Amino acid sequence: MSTGAAKLHRRREACMPETNSFVGGVNPSVKLFLHLLCMILLVFSRDPWTTLVLLAVPVIITLTLAKIPLKTFIVRVSPFLVLFLSTTWVLAAYGKGETVWWEWAWIRITAEGLQNGLNIGLRMMAFVCYGFLFTATTDVTKLVMSLMQQCKVSPKFAYALLAGFRFLPLFKEEYAQIKAAHRVRGVARVPGLRGKIQGVMRYTIPLLAQGIRKAERVAVALEARGFDGTLNRTFYHQMTVGRRDALYLALLVVTNLAVLLLL
Amino acid sequence: MNEGTKTPFLGCERVSVQFFDRETPVLKEMSVQIEEKESVLLLGPSGSGKSTLAQVLSGIIPRSIEAWMKGNVYRPERVGVMFQDPDAQFCMLTVEDEIAFSLENRRVPPAQMRGEIQRLMREVRLDLPLNKQIAELSGGLKQRLALACLLALEPDVLFFDEPTAQLDPENTRLVLQDIAQLRGEKTLVVIEHKLESVMEWIDRVLLFGPDGSLQGTGKPEDVLRDHAQAIRDYGIWTPRMWPVTWEELLRDPQHELAQRLQSTPPAPNPVDKTEPLLEVRELRMSYRGGANVWSDVNVSVQPGEWVAVMGPNGAGKSTFLKAVGGLLPVSGGQVLLKGKELGKYKPEALYDRVGFVFQNPEHQFIADTVYEEVAFGGKLARWPQEQVERETTQLLADFHLEALASKNPFTLSQGQKRRLSVAGMLLKNQELLLLDEPTFGQDAATTRELVERIRERNENGTTVMMATHDVELVAETASRVLVFAEHGLLFDGTPQELFTQPDLLARAALIEPLAYEYRRRQAAQEEGSVYA
Amino acid sequence: MKNSYVVNFREIMMTVILAVLCGFIYIAWAPLYGVADAIYPGAGEVVYGTWFIAGVLAAYIVQKPGVALIAEVAAASGEFIMGGPYGLSTLLYGVAQGAATELVFALLRYRTFNVSTLMLGGAAAALASLGYDALTGGLAELTTGPMIAKIAIRTISGAILGGLLAKIIVDALAKTGALNNYAIIRKKMEKPF
Ligand SMILES: Nc1ncnc2c1ncn2[C@@H]1O[C@H](COP(=O)(O)OP(=O)(O)OP(=O)(O)O)[C@@H](O)[C@H]1O
Ligand SMILES: Nc1ncnc2c1ncn2[C@@H]1O[C@H](COP(=O)(O)OP(=O)(O)OP(=O)(O)O)[C@@H](O)[C@H]1O
Ligand SMILES: [Mg+2]
Ligand SMILES: [Mg+2]
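If you look chain B up in an unreviewed UniProt entry, it shows as ABC transporter domain-containing protein from Tumebacillus avium. Per its UniProt entry, chain B bears the Subcellular location (unreviewed entry) comment "Cell membrane". Here is the UniProt Sequence similarities (unreviewed entry) comment for chain B, exactly as written: "Belongs to the ABC transporter superfamily."

For chain A, the name recorded in an unreviewed UniProt entry is Cobalt transporter, with Tumebacillus avium as its organism. A UniProt comment under Subcellular location (unreviewed entry) is attached to chain A, and it reads "Membrane".

As a further point, take helix 2 (residues 28–43) of chain A. Residue and element names in this part refer to chain A. The terminal C-alpha atoms of helix 2, which comprises 16 residues, lie 23 Å apart, in line with the 22 Å expected from a rise of 1.5 Å per residue. Among the 16 residues that make up helix 2, 13 are buried, leaving the element largely enclosed by the rest of the structure. The N-capping residue of helix 2, defined by a side-chain oxygen 2.9 Å from the backbone nitrogen of Ser-29, is Asn-27.

Moving on to the site of ligand 1. Residues and elements named next belong to chain B. In the vicinity of ligand 1, 19 residues are found, and the nearest of them are Ser-46, Gly-47, Ser-51, Thr-52 and Ser-413. Thr-52 places a polar side-chain atom, nitrogen or oxygen, 2.5 Å from an oxygen atom of ligand 1. Note that an oxygen atom of ligand 1 is positioned 2.8 Å from one of the side-chain N or O atoms of Gln-416. Taken by itself ligand 1 offers 640 Å² of open surface, and the protein chains cover 87% of this.

As a further point, take the packing of helix 3 (residues 95–105) of chain B against helix 5 (residues 139–151) of chain B. All names here are of chain B. Where helix 3 meets helix 5, the closest approach of the two axes is 7 Å, and the angle between their N-to-C directions is 30 degrees. By the criterion of interaxial angle, the relationship of helix 3 to helix 5 is roughly parallel. Where helix 3 crosses over helix 5, the two elements pack in a sense that is right-handed. Residues Val-95, Glu-98, Ile-99 and Ser-102 of helix 3 lie in contact with helix 5, whose contacting residues are Leu-145, Ala-148 and Cys-149. Residue classes in the contact of helix 3 with helix 5 are distributed as five nonpolar, one polar and one charged.

Conventions adopted
- Residues numbered from 1 in each chain as written.
- Chains lettered and ligands numbered in written order.
- Predicted model: local features only at pLDDT ≥ 70, side-chain atom pairs only at ≥ 80, totals over all residues.
- Heavy atoms only, no water.
- UniProt positions renumbered as here; feature names shortened; annotations may be inferred.
- Helix = DSSP H or I, 4+ residues; strand = E, 2+ residues; numbered from the N terminus.
- Expected span 1.5 Å × (residues − 1).
- Buried < 20%, exposed > 50% of the residue type's maximum accessible area, 1.4 Å probe, protein only.
- Polar contact = N/O pair within 3.5 Å; in protein donor to acceptor, adjacent residues only side chain to side chain.
- Near = heavy atom within 4 Å.
- Areas by Shrake-Rupley, 256 points an atom, 1.4 Å probe, with all protein chains shown as cover.
- Axes fitted to C-alpha atoms, helices over the stretch in contact; angles between N-to-C directions.
- Parallel < 35°, antiparallel > 145°, perpendicular 65-115°, else oblique.
- Left-handed = near helix turned anticlockwise from the far one by under 90°.
- Contact = heavy atoms within 4.5 Å.
- Nonpolar A, V, L, I, M, F, W, Y, C, P; charged D, E, K, R; others polar.

Given below as structure tokens:
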């Protein structure tokens, strides 16, 4: 119980997005679409150098316009280097290519493969960076509000999503609670791997069941408060699109296109 | 369908409701009519269908909770419902967003919202910053916030399903006061066990029988008088004093109630003074990132004691029980059970000795049927089959759950869930029972049954520690009280000592039990007559 | 009941929360996939099927149009918001996979939900994710052997971990009584009045 709560707290702190920056003030929907657009542009880059320069765009924005400290950035993004390495490796070792550099068992490293691997590995890192830039500067409530106001996403889905995000940390607590209940009721833990697997099953099903029950209760409570799931409602947090969004659009499009066309 | 009569403001006509996994309907051909601006109380034993009727009238059944249903329901457009569980009714993070959600549904222009939110918060006396996190509110504050959210809907009808079940006496008073203020302004449908503060402003009572049929309806005093026998048979709460007043009672010491109040509670078990069962030393608890819930707590409990744990909402009663039960790592200090630190016990060995009933009954359900839930402990301990069967059946019968043996624990009514969670813990014979609000949401009969079973165990030597807000229960049963308040253990002593110190009671947001009030008034009267 | 083919708010809520919980599990899976795949191309694909489970799970419980898609998008959003490794591409994966699973059940007109259709739903999601990989993730740049291995293993994993496992989980959930209000149980009950 307490460890769950503790984690919950840490999680909240870790997730507190930096919204007082230029990027933080961009409309979340606009930001989302711009980042997706940049990702599409990245697909057009065919060599690792261009991709590396394109990757620099979100990194620099993160550190300057988004006011994310370098340390936070490194801590949050470095785990994904594993992904970069594995992607690069897979294509280098098993990719198409003529110029063989090294061969061993089923591994066949080629120059073209490595080139492709680096390109796609860097592209993946760029995807990660755009994702991080987004989550690190966006408040979830605002995102959902803007999805409803700018993108006309159905409130049924939007509020369900909001509740889903709200509950995630709570489910850790719920998990601890189920474990505590099993302990109190005297369900003995079986040591070893078999016990672990048994434990996972024994806790997962109740956790999912609790999740379903929780979802139903919230649905009941919201509907009982006059929520009808249509866009026929007003919004306390008015999300707008303005000059800042245009600037951000210009910045991303110009830099990305410049790199793609000039390099 | 209307047979010439006008459409009622709120009501139902020959409505039957049956839940999917039940063989019999909860409500059979029920017809109810409620006038505009009327205040109606639904009164009945636990599991009789009060919540179900409220859900039908408010439209939750069948819109959000599905069940087979037939018949007609009439209701004005805007209704608001307040649930028993303070946590089940919020979806946002902060107080202002939560109230705003109601306003948004009503299409209030955004520019007016902030002012509206502040007005609503004033109305329910919620003196908080707008962006206060809901998770940090105490149970009482949450219920007041829930009320503000309902009022934000500007509903024509308000439903309250045991809004005070888990509140301390002070918060109960405040919430009921808030609700009472709405009387005559809105139509109110209330389910509430604490009758004394409700009776004064209720216009009409609908009395349910155990089978979900309507037994009677009328003015509160008429129903209580005309159906006195049935009410006693079904085990429904009556107001603590009703129908007498203090004046009458003090004038007539031979009155039945006066006799009962004068009788001293049964002497507590003789306790074994030699070796403490439980020792708490310099205990301190804080949740991560928060201040101390309490600190410097020193308690030593002898075998056979019945210890009540009291205090306002959020004072840390549940936290204390969990710490003592080894379910929370403590932030400082020690808990010793029979001289051995809790951490040194193997979990299985520890929970052979210690039973724990969580405040939220659902937290401890681990089986798929009511029967299995109770039988679980016996099966685990490899009792002989027929012993498990016999004792389980007995417990289910005692707690009025036998008809539900094959049902899923999560589908029970609030009161049934609570009884089941206690029953599951009573099967085994632990040395220490930790019970977190074992009687909330119960009717008089089931409370009596629960107390009786716990007392039985206590008489056989089990030490009982129970958190509760019910001062009558404490006055009647406990041999000792711990009061948590003001970030520490405010009081540790006998109920007699506690309940005769008005300043202490005020600090702990507690009220005087009836018997103590009687004695105090009696003493004051005698003193008065002496002066005269 | 009328409107029995339109999802209501409660069902959407259930779908989303179930999916977000799955998204949580997806994140735990991701490093495992990366490392296994680096050792042998296709090895990581063995566990890939779990990424498709949310859609099949929810569709099997609710048995109404749109649910598989909603579930996959919600799971992806959850994974993304929590900082899953694939960043924003998760969202695109989610849409592609959800749409594919949805298509399978739509072709069956949301009537049959047995083991084989569920496995088909999982396999369809696998194919959709492969299509996305071909566009952005370097599937096309692999040599033929590993490419075929990847396609075959992922599809099979999708069928088994995405489809069969979903069935096992839902059947276990049904025993807890939590699904009483959904089509999977409701369809089997008789109306008393
Ligand atoms: N969702 C549900 N599914 C199946 N059965 C249910 C459900 N809700 C209530 N019941 C059953 O219907 C009956 C009436 O329940 P209801 O909650 O209306 O009782 P109640 O009078 O409010 O009792 P309490 O005072 O204990 O809350 C009970 O036997 C209960 O087990
Ligand atoms: N898991 C948790 N994480 C953080 N804070 C918590 C947690 N559980 C309880 N608290 C806080 O600790 C304090 C004590 O809570 P606790 O539940 O022990 O109070 P209580 O006396 O049982 O209240 P109630 O009468 O409402 O049941 C409260 O302020 C509460 O907000
Ligand atoms: Mg009830
Ligand atoms: Mg408590």
